[in-house]
Amino acid sequence: QVHVPLGLVERQQRPQVDRDREPAPERGSEFYRQEVEATKTVEHDDFLDQILSLEAGHRAVILGEPGAGKTTLLINVWEYLIENATEEIIVIWIPLAELGAQTLAKHIENVLPIEILKKPEIEDAEKKIYWQSFMELYEAGRVWLLLDGADEIGGDGLEKIQSELRNWPKSRSAITCRLNLWDVRSTNSLATNKLFKIYRTLDFR
């Protein structure tokens, strides 16, 4: 029940890195913190406002070391969106470790009605009505996908997220990921995607 609001650093888009200088995995976070990280600090409340004002199709990435508070921050984002949205929205929490081989669409279609309607089983007709209502809000750009733990998908988690989000161009998303996965992948196309705004959690002072 305790939440300590930490500041964040907004990162620049990652430049192309000389492969001869690319760091070993254990040095990834240290290397990029020195080489490509911006110095613009974003305070907690400003960060939440920026997430709320994301345009349809735009994404925010929250990077941090293990135990740095990424999931706690994402929960805070969820609460803030629900409490401060000025129109009807749907905010969907998706622990990526549980996604497995499922697509985001299948996960939402199967799991969310049960969680929201608080029923162990949902009739197909009822699920269809829910899905239609959901898609109406999605088409209006009023669906947020909160994707927790890109590093827990297994395999190339970042590539899977990139592929999945292409199918959801009207959603708004916030994604958490460990620094070591994000920074040491020279093929991380998300790091140079202009639709992604990248933040890193600051340490305790």
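For the structure itself, consult the block above.
A few points on the structure. Please read these numbers as outputs of a predicted model, since none were measured by experiment.

### Here's the deal with the overall build of the chain
Then, in step 1: A count of helices and strands for the chain gives 7 helices and 7 strands.
Then, in step 2: Each helix and strand of the chain, ordered N terminal to C terminal, gives the series β-α-β-α-β-α-β-α-α-β-α-β-α-β.
Then, in step 3: Counting the 205 residues in the chain, one finds 45% classified as buried.
Then, in step 4: A separation threshold of at least 6 residues defines the contact pool for the chain, and within that pool the share at least 24 residues apart is 78%.
Then, in step 5: When the accessible surface of the chain is summed, it comes to about 11,100 Å², and 48% of that surface belongs to carbon and sulfur atoms.

### Structural notes on the sheet that holds strand β5 (residues 143-148)
Consider a sheet: its strands pair through backbone hydrogen bonds, and that pairing is either parallel or antiparallel.
Then, in step 1: The 7 strands are arranged β2-β1-β7-β3-β6-β5-β4 in an open sheet whose pairing can be described as mixed. Looking at strand neighbours, the two that pair on one side only are β2 (40-42) and β4 (90-95), the edges of this open sheet. Adjacent strand axes in the sheet meet at a mean angle of 25°, parallel and antiparallel pairs treated alike.
Then, in step 2: Pairing between strand β1 (residues 8-10) and β2: 3 bridges, direction antiparallel. Across the sheet, the residue bridging to glutamate 10 is lysine 40, located in β2.
Then, in step 3: On top of the sheet, helix α2 (residues 44-52) reaches β1, β2, β3 (59-64), β5 and β7 (196-201); it is set at about 80° to β2, its chief contact.
Then, in step 4: Here helix α3 (residues 70-84) sits on the sheet in contact with β1, β3, β4, β5, β6 (172-178) and β7, set at roughly 165° to β5.

### Digging into the environment of phenylalanine 204
Then, in step 1: Looking at the element boundaries, phenylalanine 204 is found in the segment after β7.
Then, in step 2: The exposed category is assigned to phenylalanine 204, whose relative accessible area is 62%.
Then, in step 3: Those residues in contact with phenylalanine 204, other than ones at most four positions away along the chain, are Val4 and Leu6.

### Focus: the packing of α2 against α3
Then, in step 1: Across the interface, α2 lies against α3 with an axial gap of 10 Å and an inter-helix angle of 60°. With respect to their mutual orientation, α2 and α3 come out oblique. For the crossing formed where α2 meets α3, the hand is right-handed. Contacts between α2 and α3 pair His44, Phe47, Leu48, Asp49, Ile51 and Leu52 from the former with Leu73, Asn76, Val77, Tyr80, Leu81 and Asn84 from the latter.
Then, in step 2: Its residues assigned to classes, the contact of α2 with α3 shows 8 nonpolar, 3 polar and 1 charged.

Reading the values: the criteria
- Residues numbered from 1 in each chain as written.
- Predicted model: local features only at pLDDT ≥ 70, side-chain atom pairs only at ≥ 80, totals over all residues.
- Heavy atoms only, no water.
- Helix = DSSP H or I, 4+ residues; strand = E, 2+ residues; numbered from the N terminus.
- Buried < 20%, exposed > 50% of the residue type's maximum accessible area, 1.4 Å probe, protein only.
- Contact = heavy atoms within 4.5 Å.
- Areas by Shrake-Rupley, 256 points an atom, 1.4 Å probe, with all protein chains shown as cover.
- Pairing = 2+ DSSP bridges.
- Axes fitted to C-alpha atoms, helices over the stretch in contact; angles between N-to-C directions.
- Parallel < 35°, antiparallel > 145°, perpendicular 65-115°, else oblique.
- Left-handed = near helix turned anticlockwise from the far one by under 90°.
- Nonpolar A, V, L, I, M, F, W, Y, C, P; charged D, E, K, R; others polar.

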